[in-house]
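# An overview of the molecular structure
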Amino acid sequence: MGTEISSAVIRRLPRYYRYLGELMAHDVVRISSKELSERMGVTASQIRQDLNNFGGFGQQGYGYNVEYLYTEIGKILGLDRKKEMIVIGAGNLGRALANYSDFERRGFIIKALFDVSANLVGKSVNGIPVLHMDEVPKYLRENTVDIAAITIPKEAAPQVAADLVKAGIKAIWNFAPTDLSLPEGVVQENVHLTESLMRLSYKLRATEE
Ligand code: NAI
């Protein structure tokens, strides 16, 4: 199934998931594609098309069962299993990630941070230990880690990513402003706030013309 779903649809799924979660929190049991489209600001046909990718969970005249759809999208996104994470780089950004408790609520558990700085190693952030980079291979042998976040200077990121892959990491959440070339079978997701700001700047410029 996974191979046939377009990346555009996959990109939209977390948003569906968030809206459905909010509906569930308000005890909404079912919703039509029209209602969902009004709330989300996308067309009803887009919603139907997107959700038909997964066998069309909607029923004519009934709409979508919110909890069922939420659960199914969660499964597609792999959220039915908790993910253990490490963060490489316990600087400003690494610490901000460690301090953000919503990840844990979503099943993403940060188990350890790693750094090279003697000022940071041995400390903890939000109760999460900061270990030395030299300990990464041993840590990965002894613990199950699904995802490594990279929050170190860009110059160091490619080598560190290669070392992480060698030590068995299969998924990298990359915040360093550089493109990582990783072997097949290793997945990455890049988060670049500056690029997002540049897109916002473009939109702002368009309003000023
Ligand atoms: P920072 O200087 O506060 O922290 C970087 C940390 O990495 C330091 O604690 C340093 O000791 C550690 N470090 C350096 N080399 C290392 C290595 N080889 N192995 C392990 N740790 C190492 O910097 P900040 O502000 O936290 O930014 C970190 C990275 O995230 C930078 O590449 C920055 O450009 C990027 N960044 C990306 C954002 C995004 O939207 N993607 C937003 C903010 C920062």
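Everything numeric here is computed off the predicted structure, so don't read it as measured data.

### A word on the packing of helix α1 (residues 7-25) against helix α3 (residues 44-52)
- One way to put it is that α1 packs onto α3 with a least axis distance of 11 Å and a crossing angle of 105 degrees. Taken as axis vectors, α1 and α3 run roughly perpendicular relative to one another. Contact residues: V9, R12 and Y16 in α1; Q46, I47, D50 and L51 in α3.

### Structural notes on the sheet that holds strand β5 (residues 124-125)
- Spatial ordering of the open sheet is given by β5-β6-β4-β3-β7-β8-β9, a layout of seven strands whose pairing is mixed. Unpaired on one side and paired on the other, β5 and β9 (187-190) mark the two borders of the sheet.
- Sheet topology places strand β7 (residues 147-150) next to strand β8 (residues 171-174); three bridges connect them, and they run parallel. Opposite A149, over in β8, you have W173 as the bridge partner.
- Sitting on the sheet, helix α5 (residues 92-99) touches β3 (83-88), β4 (108-115), β5, β6 (128-132), β7 and β8, and the angle it makes with β4 is about 155 degrees.
- Most of the contacts of helix α8 (residues 157-166) go to β7, to which it runs at about 170 degrees, and overall it touches β3, β7 and β8.

### Notes on the packing of helix α2 (residues 33-40) against α3
- Axis separation between α2 and α3 bottoms out at 8 Å; the angle between their running directions is 110 degrees. Overall, the two elements α2 and α3 adopt an arrangement that is roughly perpendicular. Helix-helix and strand crossings are classified by hand; for α2 and α3 the assignment is right-handed. Residue-level contacts link S33, K34, L36 and S37 of α2 to A44, I47 and R48 of α3.
- The residue inventory of the contact of α2 with α3, partitioned by class, reads three nonpolar, two polar and two charged.

Cut-offs and rules
Residues numbered from 1 in each chain as written. Predicted model: local features only at pLDDT ≥ 70, side-chain atom pairs only at ≥ 80, totals over all residues. Heavy atoms only, no water. Axes fitted to C-alpha atoms, helices over the stretch in contact; angles between N-to-C directions. Helix = DSSP H or I, 4+ residues; strand = E, 2+ residues; numbered from the N terminus. Parallel < 35°, antiparallel > 145°, perpendicular 65-115°, else oblique. Contact = heavy atoms within 4.5 Å. Pairing = 2+ DSSP bridges. Left-handed = near helix turned anticlockwise from the far one by under 90°. Nonpolar A, V, L, I, M, F, W, Y, C, P; charged D, E, K, R; others polar.

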